[in-house]
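# Remarks on the overall topology
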Amino acid sequence: HVPAEKLVRMKFDRSELRDPAYVSRVKPLLNLLDYAKKNYPGQPIWLVGHSNGTVTIEYFAKYLKKLNRLSDLKGAVSSGTTRETRIDVPELRVAFLHHSKDNCEFTSPSNAKQAFAMHKKWLGENATMTWVEGGHNGGKWDKRGKCVAGTHSYEFAEDEVTAKLEAIISQK
C-alpha cells in the first residue's frame, strides 16, 4: 500500500468534465502510478475515488486503456458513487463502497444501487458492492453541507471503512 502522505489529492469542478482538456488534469496521476510501481514493486495498485472522484477514476481508467497501461492497476474503488460514474472498462475490477444512509442527494443509496447494477451488466464478476453501516450525521463538517459531511464522508465510521477497503483490496 502507498503511504497516505504519498497520495495525491485532486479536486475537480463538475463543469470541467465536459472540457476536452480534462485529460490534462488526470495525467498527473500517471506520475503517482509510476511512483507506486517503482517504489512498491509487485504490490497491487488500486485507484480510490470518492464522490466526484469516482468520475476521475472513470477518466483515468479510460486514459490508461488508451495508453495500453490498464494492467498497471489491480482495480478501482468507487466510493460515495455519483450517478454520473461510468467505469465501463471490462478489464478492470471495480468495487463500489457506499454508505447505506448516505444523505447527499447526488450520491444516495438508490443512486449507488443503480450505478452498481449498470456496472454489473458491463463488468460481470469484476463489479462488487460493499455497504458501510456505521457512523452518523451531525459531525463537525455538517455546517458545510450534507454532501461534504456526515454519512456521505463516512464520519464516525473510519475504522469500518478502513477494514472494508482492506478486505476489497485483499480479495483475489
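Keep in mind that what you see is a predicted model, and the values were worked out from it rather than measured.

## Details of the side chain of T54
Mapped onto the elements of the fold, T54 is located in helix 3 (residues 53-66). Using a relative accessible area of 0% as the deciding quantity, one classes T54 as buried. At 2.7 Å, the side chain of T54 forms a polar contact with the backbone oxygen of S51.

## A short note on the pattern of salt bridges
On inspection of all chains with the given rule, the structure shows 8 salt bridges. Of the charged contacts in the structure, one is a salt bridge between E160 and K164, with a shortest N-O distance of 3.2 Å. Of the two residues, E160 and K164 both sit in helix 5 (residues 158-170), 4 residues apart, roughly one turn of that helix. Overall, E160 belongs to the partly exposed group, its relative accessible area being 23%. Given the relative accessible area of 23%, K164 is considered partly exposed. One continuous salt-bridge network, built from bridges that share partners, spans D34, K37, R69 and D72.

## Describing the sheet that holds strand 1 (residues 46-50)
Working definition: the strands of a sheet are paired by backbone hydrogen bonds and lie parallel or antiparallel to each other. Taking strand neighbours across the sheet as the criterion, the 4 strands line up as 1-2-3-4 in an open arrangement whose pairing is parallel. Here the strands that pair on one side only, and so sit at the sheet edges, are strand 1 and strand 4 (127-132). In this sheet, adjacent strand axes meet at a mean angle of 20 degrees when their direction is disregarded. Here strand 3 (residues 93-99) runs beside strand 4; their pairing, made up of 6 bridges, is parallel. Within the sheet, the bridge partner assigned to H99 lies in strand 4 and is V132.

## A short note on helix 4 (residues 109-123)
Taking 1.5 Å as the rise per residue, helix 4 with 15 residues should run 21 Å; its terminal C-alpha atoms sit 20 Å apart, in good agreement. Among the structural elements, strand 3 and strand 4 are those in contact with the buried residues of helix 4. Two residues or fewer past helix 4, G124 is found with a positive phi of approximately 60 degrees.

## Let's talk about the confidence of the model for the protein chain
Close reading of the predicted structure is inappropriate where its pLDDT is low. Per-chain confidence: the protein chain averages 81 in pLDDT, with 79% of residues scoring 70 or above. The lowest-confidence element of the protein chain is helix 1 (residues 23-26), averaging 69 in pLDDT; the highest-confidence one is strand 4, averaging 96. Every residue in residues 1-17 is under pLDDT 50, and counting partners more than four places away or in other chains gives 27 contacts.

## Some remarks on unusual backbone geometry
Backbone geometry places S51, a non-glycine residue, at a positive phi of 60 degrees. Relative to the elements of secondary structure, S51 occurs in the loop between strand 1 and helix 3. Even without being glycine, F156 reaches a positive phi, approximately 65 degrees. Here F156 lies in the loop between strand 4 and helix 5.

## Quick word on helix 3
Over its 14 residues, helix 3 runs 20 Å from end to end, which matches the ideal 20 Å to within 8%, given 1.5 Å per residue. Residue N68 follows helix 3 closely and has a positive phi angle near 60 degrees.

## Focus on the packing of helix 2 (residues 28-39) against helix 3
Contact geometry of helix 2 with helix 3 gives a least axis separation of 11 Å together with a crossing angle of 70 degrees. With respect to each other, helix 2 and helix 3 are oriented roughly perpendicular. Residues L29, L30 and L33 of helix 2 form the contact with helix 3, whose own contacting residues are T56, F60, Y63 and L64.

Parameters and conventions
Residues numbered from 1 in each chain as written. Predicted model: local features only at pLDDT ≥ 70, side-chain atom pairs only at ≥ 80, totals over all residues. Heavy atoms only, no water. Helix = DSSP H or I, 4+ residues; strand = E, 2+ residues; numbered from the N terminus. Buried < 20%, exposed > 50% of the residue type's maximum accessible area, 1.4 Å probe, protein only. Polar contact = N/O pair within 3.5 Å; in protein donor to acceptor, adjacent residues only side chain to side chain. Salt bridge = Lys/Arg side-chain N within 4 Å of Asp/Glu carboxyl O. Pairing = 2+ DSSP bridges. Axes fitted to C-alpha atoms, helices over the stretch in contact; angles between N-to-C directions. Expected span 1.5 Å × (residues − 1). Contact = heavy atoms within 4.5 Å. pLDDT = per-residue confidence, 0-100. Parallel < 35°, antiparallel > 145°, perpendicular 65-115°, else oblique.

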